[in-house]
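# Inside the fold
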Amino acid sequence: MARQMTGPASSVEPQGAAPPGPPGGGDHQLILAIVQDEDAGPVIEALTSDGFRATRINTVGGFLRKGNATVLVGVERERLHRALLIVRDNCETRTEYFVPTAPGEVGEPYPLDPIQVQVGGATVFVLDCERFERL
Ligand code: 2BA
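Here's what I pulled together on the structure shown here. Computed from a predicted structure; not experimentally measured.

## Structural notes on the nonpolar core
- Ranked by size, the top nonpolar core spans 21 residues in total, and within it Ile31, Val35, Leu47 and Val124 carry the most contacts.
- For this core, the elements supplying multiple residues, two or more each, are strand E2 (28-36), helix H1 (37-49), strand E4 (67-76), helix H2 (80-89) and strand E9 (123-128).
- At five residues, the largest contribution of residues to this core is made by H2.
- Among residues more than four places away in sequence, those in contact with Ile31 are Val71, Leu72, Val73, Val75, Leu80, Ala83, Leu84, Val124 and Phe125.

This is the structure in C-alpha cells:
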C-alpha cells in the first residue's frame with residue numbers, strides 16, 4: 001500500500017510504535033521520493049552520510065514537463081522516520097511558472113498568461129517491501 005506524504009512537517013512525526021510488517025515478515029519499506037533536481041544531490045548525500053543506500057532516477061514531472069529526480073531508498077522499518085526527516089530537511093519549496101498555450105487560428109499555439117505553481121519540497125510514497133534481498 002502506498003502512503004503519499006506532502007506538506008506539513010508533522011507528516012513525518014512518529015505515530016507511536018512502528019506498525020507491524022505485512023504477513024510474510026517483510027521488515028523493509030521502500031521510499032519513493034520525487035524531488036526537484038536541485039535538491040537531489042543534497043538529499044542523496046545526506047542519506048548516504050547517515051548510512052542509507054539510495055538510487056537516483058532522473059524523471060520528468062507530468063505537469064511542468066521539467067526534469068526532476070526520483071530517489072529510491074530501501075529502509076528498515078525502524079529507520080523509516082529518520083530517512084523521511086532527511087528527505088524533508090533537504091528539499092525546498094520553490095515557485096515555478098507554467099505558460100499554458102491555446103490553439104491559434106493558423107494552427108500555431110499561442111501563449112496564455114503564466115500560471116504560478118509551488119513545487120516541492122518532496123512528494124513521497126512509502127511502500128511496504130514484500131521482499132528485500134542482495135544477491
Ligand atoms: P509536475 O507534475 O511537473 O508538477 C509540478 C507542480 O505543478 C506540482 O508540484 C504542483 O504544484 C503543480 N501541479 C501539478 N499538477 C497540477 C495540476 N493538474 N493543476 C495545477 N497545478 C499542478 P508538486 O505537487 O510539489 O509535485 C512535484 C512533482 O512531483 C510533480 O511534477 C510530479 O513529478 C510529482 N508528483 C506530484 N504528485 C504526484 C502524484 N500524485 N503521483 C505521481 N507523481 C507526482
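Right, picking up where we left off after that structure.
## Considering unusual backbone geometry
- Looking along the chain, the bond that leaves Gly120 and enters Gly121 is cis, with omega of -10°.
- Examined against the element boundaries, Gly121 turns out to sit in the loop between strand E8 (115-119) and E9.
- Although it is not a glycine, Arg65 adopts a positive phi angle of roughly 55°.
- Inspection of the secondary structure assignment puts Arg65 in the loop between strand E3 (54-60) and E4.

## Structural notes on the environment of Arg65
- Judged by relative accessible area, which is 68%, Arg65 ranks as exposed.
- Side-chain polar atoms of Arg65 contact the backbone oxygen of Gly62, separated by 3.2 Å.

## Some details on H1
- In this model H1 runs 19 Å from its N-terminal to its C-terminal C-alpha over 13 residues, within 8% of the 18 Å that 1.5 Å per residue would give.
- The inward-facing, buried residues of H1 contact E2, E3, E4, H2 and strand E5 (94-98).
- Backbone geometry just after H1 places Gly51 at a positive phi near 90°.

## Regarding the pattern of salt bridges
- Under the definition given, this model contains nine salt bridges.
- Its salt-bridge partner being Asp39, residue Arg94 comes within 2.8 Å of it at the nearest N-O pair. Taken together, the residues Arg94 in strand E5 and Asp39 in helix H1 connect sequence positions 55 residues apart. Here Arg94 matches Asp39 in class, with each residue buried.
- A salt bridge links Arg79 to Asp50; its shortest N-O distance comes to 3.5 Å. Separated by 29 residues along the polypeptide, Arg79 in the loop between E4 and H2 and Asp50 in the loop between H1 and E3 bring together distant segments of the chain.
- Relative accessible area serves as the criterion here: at 27%, Arg79 is assigned to the partly exposed category.
- Residue Asp50 is classed as partly exposed on the basis of its relative accessible area of 24%.
- Residues participating in the shared-partner salt-bridge network are Asp39, Glu92 and Arg94.

## As for the site of the ligand
- Around the ligand, the surrounding shell holds 13 residues, and the nearest of these are Phe63, Leu64, Asn68, Gln118 and Gly120.
- Separating an oxygen atom of the ligand from a backbone N or O atom of Gly62 is a distance of 3.2 Å.
- In the environment of the ligand, an oxygen atom lies 2.7 Å from a nitrogen or oxygen atom belonging to the backbone of Gln118.
- The protein chains hide 55% of the 750 Å² of surface that the ligand would expose on its own.
- Those elements that place two or more of their residues in the shell around the ligand are E8 and E9.
- Here the shell around the ligand is composed, by residue class, of six nonpolar, seven polar and no charged.

Reading the values: the criteria
Residues numbered from 1 in each chain as written. Predicted model: local features only at pLDDT ≥ 70, side-chain atom pairs only at ≥ 80, totals over all residues. Heavy atoms only, no water. Core = buried A, V, L, I, M, F, W, Y, C linked by side-chain atoms within 4.5 Å. Buried < 20%, exposed > 50% of the residue type's maximum accessible area, 1.4 Å probe, protein only. Helix = DSSP H or I, 4+ residues; strand = E, 2+ residues; numbered from the N terminus. Contact = heavy atoms within 4.5 Å. Polar contact = N/O pair within 3.5 Å; in protein donor to acceptor, adjacent residues only side chain to side chain. Expected span 1.5 Å × (residues − 1). Salt bridge = Lys/Arg side-chain N within 4 Å of Asp/Glu carboxyl O. Near = heavy atom within 4 Å. Areas by Shrake-Rupley, 256 points an atom, 1.4 Å probe, with all protein chains shown as cover. Nonpolar A, V, L, I, M, F, W, Y, C, P; charged D, E, K, R; others polar.

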